[in-house]
2 protein chains.
Amino acid sequence: MSDAHQKNRQWRVAAPPDGRLTEGNFTWAESEVPEIRPDTAIVRNLWFSFDPTQILAMGVPAEQGGVPVGGVMHTIAVSQVIDSQIPALRPGDIVHGQSYWEDYSRIEEHGYFETTRVPPGVPPNLALGTLGVTGMVAYFGMTEVARPQPGETCVVTAAAGGVGSIAAQIGRIKGLRVIGIAGGREKCDWLRKEARIAEAIDHRTEDVAARLDALCPDGIDIFFDNVGGPVLDLGLDRIRTHGRVVLCGITSWYLLKDRPPGPTRYPNLIMKNARMEGLLGKDYQDRFPEAAPVLLGWLRSGELTSKEDVAVGLENAPRTLVRMYESANIGKQLLKVADPDP
Amino acid sequence: MSDAHQKNRQWRVAAPPDGRLTEGNFTWAESEVPEIRPDTAIVRNLWFSFDPTQILAMGVPAEQGGVPVGGVMHTIAVSQVIDSQIPALRPGDIVHGQSYWEDYSRIEEHGYFETTRVPPGVPPNLALGTLGVTGMVAYFGMTEVARPQPGETCVVTAAAGGVGSIAAQIGRIKGLRVIGIAGGREKCDWLRKEARIAEAIDHRTEDVAARLDALCPDGIDIFFDNVGGPVLDLGLDRIRTHGRVVLCGITSWYLLKDRPPGPTRYPNLIMKNARMEGLLGKDYQDRFPEAAPVLLGWLRSGELTSKEDVAVGLENAPRTLVRMYESANIGKQLLKVADPDP
């Protein structure tokens, strides 16, 4: 507890989003630095990850894994241990795991994501992005759920987003012809030039259905979906025999008050003997150590480019979540809160 | 062409069903017995299978695999060869394959379902039911798509129908705790006493959601769905981690003018790392010879009971399809048209 900063600045949930997320859904607060308890550690938060599932958790009771109104907002973070009653963690350690939108947090070893030490030499942006849950969802979603065969046609939605930007490149590395759907010229340029996938469709200015027909005249083998809603039906309409729809997220849901409409074209799963399968990163947590060296190898060889969109300062956490919610980010959305102590 | 009956009685599609199937969707006609052409055979139809996909084909252009208005209705049939210019087929042979609602048909060897000889000793009802496409869909849907693990909980919809009555029993044979959903006491009694599955829910008189909650307090591992619509959402709501939804049919669709609503609870596929996969019998056609002896073995040992609902007479074909459409049948719906020549 060698820190002079005795106040603990926090963002608490003021109200669940009512059809639209705004900065007004959060309240700024100050409290004391939490006191340590048995089997916990006190950490100073350094970097925050921004993930669409955070929005779904707002206003949901804690028993259901959510953040009730008045609670400090959850996040996956990279943090530095200040004090520890967890045997595996020592002051100074840099850790990755479940934390909160505040300067200092009391964390447990076994939260929604187990708190693990960040390996030496892995910077926080990679620990939260390509080597974090985001990269793992992209990796296992593409390799284990989609099971790609070289030469197949793969369409990725939200292809310039956190998961999409990695999944699209893993598809390309695995020999797929990858077509990314993204919003705006900058994102599509990034997909073509930096992610080096076959083609990009700008859903803000182009007719996505017509472009898919032109680019996929024989249909789609793998539809890697982060969006849901109408674009999922466009994918199901074009799915090939033995095609696979990977469900990684439903960003279109976050814009709605109610549940998203179901995919009306799901009968095509019967007609095409096709499969639609979802995944959460948590489910593959035991296998992260298997994927990390593969992803790191691709990063080092240059086959894989890690793209992050980095905001700065705890005060900007709500604004940064709204930025991701509005799909303004290119690549993984992160927020840098503080530098570690040396 | 040793047949005295020179007229060929037929049922033609008068109009596609407009929100509801009735006998008025067909017209009775008489024409000549078709003449043989190269690479075809003339058959006398003996037994017809009734399958929900037939309804979807009505009024659809022939290029799309349908039966246009004015065309003779399609069916899978057991027939006897009268004349043949197909080397593998000889007069007198009993064959299984694509045919038509008429006394005599000109068939091809390679239709939607390849025409194959019915093995000696296999009666027509089994050839079209448990050992036909219906049984194959149940078998491969349960063994290959659902991949059951002993002790898992499995819910089958339309469990007293053609596919469902076999799938539910295969689930039981594979060590699953099978709960069938069916309409009416007679069907539920059959499921408990003859199919010998763990439990049956009567959707006509019981609250299906409440009964599923009571019978599956830990959720559903395998949801084998022949119905679609609201009951599919009840299944998705209760799907367990790594659960599987097998899509075999969408009978609720046939009651609608438009496409069925999509399953709004599909986000659970993400939350539960679950899989929803469809199948058509056609896709497993190459593997029918592998499944047939297994099914026959279960039939002979008494582990599997074959249930058929048999109507009689070509004149009753439309009425029999309406019967299946209204879910009045228990087990596989068949129609006997004629006896074979000795």
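In every chain, residue numbers begin from 1 and rise along the written sequence. Whichever chain is written first is A, and whichever ligand is written first is 1; the rest continue in order. Where local features are concerned, this predicted model is filtered to residues with pLDDT of at least 70; where side-chain atom pairs are given and counted, the filter is 80 or more; whole-chain, interface and lining totals use all residues.

### Looking at the interface of chain B and chain A
Then, in step 1: C-beta atoms are placed from the backbone for every residue, and two residues are taken to be in contact when these atoms lie within 7 Å. Facing 22 residues of chain B, the contacting portion of chain A comprises 22 residues.
Then, in step 2: Of all elements in the fold, only helix H8 (268–271) and strand E13 (275–278) of chain B reach the threshold of two or more residues within the side of chain B that touches chain A.
Then, in step 3: Think of it as three bins: nonpolar holds Ala, Val, Leu, Ile, Met, Phe, Trp, Tyr, Cys and Pro, charged holds Asp, Glu, Lys and Arg, and polar takes everything else, Gly as well. Looking at the side of chain B that touches chain A residue by residue, the classes come out as 14 nonpolar, four polar and four charged. Segments assigned H or I by DSSP are reported as helices when at least four residues long, segments assigned E as strands when at least two residues long, and all are numbered from the N terminus.

### A short note on the domain arrangement of chain A
Residues and elements named next belong to chain A.
Then, in step 1: We note that the domain assignment places domain 1 (7–126 + 307–336) and domain 2 (133–282) within chain A.
Then, in step 2: Distance from the C-alpha centre of domain 1 to the C-alpha centre of domain 2: 28 Å.
Then, in step 3: Facing the 15 residues of domain 1 at the interface are 15 residues of domain 2.
Then, in step 4: Taken together, the elements giving at least two residues each to the side of domain 1 that touches domain 2 come down to helix H1 (52–57) and strand E15 (332–336).
Then, in step 5: The residue inventory of the side of domain 1 that touches domain 2, partitioned by class, reads eight nonpolar, four polar and three charged. Domains are outlined according to an automatic or database domain assignment.

### Digging into the sheet that holds strand E11 (residues 220–225) of chain B
Then, in step 1: Ordered by their spatial adjacency, 12 strands build an open sheet running E10(A)-E9(A)-E8(A)-E11(A)-E12(A)-E13(A)-E13(B)-E12(B)-E11(B)-E8(B)-E9(B)-E10(B), and the pairing between neighbours is mixed. The strands lining the two open edges of the sheet, one partner per strand, are strand E10 (199–202) of chain A together with strand E10 (199–202) of chain B. Neighbour-to-neighbour, the strand axes of the sheet open up by a mean angle of 15 degrees, direction not taken into account.
Then, in step 2: Whether two strands pair comes down to DSSP finding at least two bridges between them. Here five bridges tie strand E8 (residues 153–157) of chain A to strand E9 (residues 177–182) of chain A, and the two strands are oriented parallel to one another. Of the residues in E9 of chain A, the one forming a bridge with Cys-154 of chain A is Val-178 of chain A.
Then, in step 3: To get an axis, a line is fitted to the C-alpha atoms, and for a helix only the part in contact is used. The angle between two axes follows their N-to-C directions and goes from 0 to 180 degrees. Packing of helix H4 (residues 162–173) of chain A onto the sheet brings it into contact with E8, E9 and strand E11 (220–225) of chain A, and relative to E8 of chain A it is tilted by some 170 degrees.
Then, in step 4: Each of strand E9 (177–182) and E10 of chain B touches helix H5 (residues 185–193) of chain B; the most contacted strand, E10 of chain B, lies at about 170 degrees to it.

### Structural notes on the relation of the copies chain B and chain A
Then, in step 1: Superposing chain B onto chain A takes a rotation of 180 degrees plus a shift of 0.0 Å along the axis, which leaves an RMSD of 0.0 Å. Here the two chains are linked by the operation of a two-fold rotation axis. Minimal C-alpha separation from the rotation axis in chain B is found for Gly-262 of chain B, amounting to 1.9 Å.
Then, in step 2: Mapped onto chain A, 100% of the interface residues of chain B are again interface residues, and the two copies thus contact each other with one and the same surface. Only residues with pLDDT of at least 70 in both copies count here: their C-alpha atoms drive the least-squares fit that superposes the copies.

### Remarks on the nonpolar core
Then, in step 1: Ranked by internal contacts, the top residues of the largest apolar core, which has 206 residues, are Leu-191 and Phe-224 of chain A together with Leu-191 and Phe-224 of chain B.
Then, in step 2: Ignoring any residue separated from it by four or fewer positions in sequence, one finds Leu-191 of chain A in contact with Ala-159, Ala-160, Ala-168, Gly-180, Ala-182, Ile-197 and Ala-200 of chain A. For our purposes the nonpolar core covers buried Ala, Val, Leu, Ile, Met, Phe, Trp, Tyr and Cys residues that link as a set through C-beta atoms within 7 Å. Counts of 20 or more other C-beta atoms within 10 Å of a residue's own C-beta define buried residues, counts of 12 or fewer define exposed ones, and intermediate counts define partly exposed ones; C-beta atoms are placed from the backbone.

### Looking at the environment of Glu-152 of chain A
Residue and element names in this part refer to chain A.
Then, in step 1: Within the element layout of this structure, Glu-152 appears in the loop between helix H3 (133–146) and E8.
Then, in step 2: When the 20 C-beta atoms within 10 Å are taken as the criterion, Glu-152 is described as buried.
Then, in step 3: Put simply, Glu-152 and Gly-219 are 67 residues apart on the chain and 9.8 Å apart in space, counted from C-alpha to C-alpha.
Then, in step 4: Every residue in contact with Glu-152, bar those within four places of it in the chain, is listed here: Leu-176, Asp-221 and Ile-222.

### Digging into H3 of chain A
All names here are of chain A.
Then, in step 1: The sharpest bend along H3 reaches about 30 degrees and sits at Phe-140.
Then, in step 2: H3 sits mainly inside the fold: 12 of its 14 residues count as buried.
Then, in step 3: Along H3, the residues that are buried comprise Val-133, Thr-134, Gly-135, Met-136, Val-137, Ala-138, Tyr-139, Phe-140, Gly-141, Met-142, Val-145 and Ala-146.
Then, in step 4: Arg-147 lies just past H3 and shows a positive phi near 45 degrees. Two axes enter the bend calculation: one fitted to the seven residues ending at the residue in question, the other to the seven starting there, and the bend is the angle between them.

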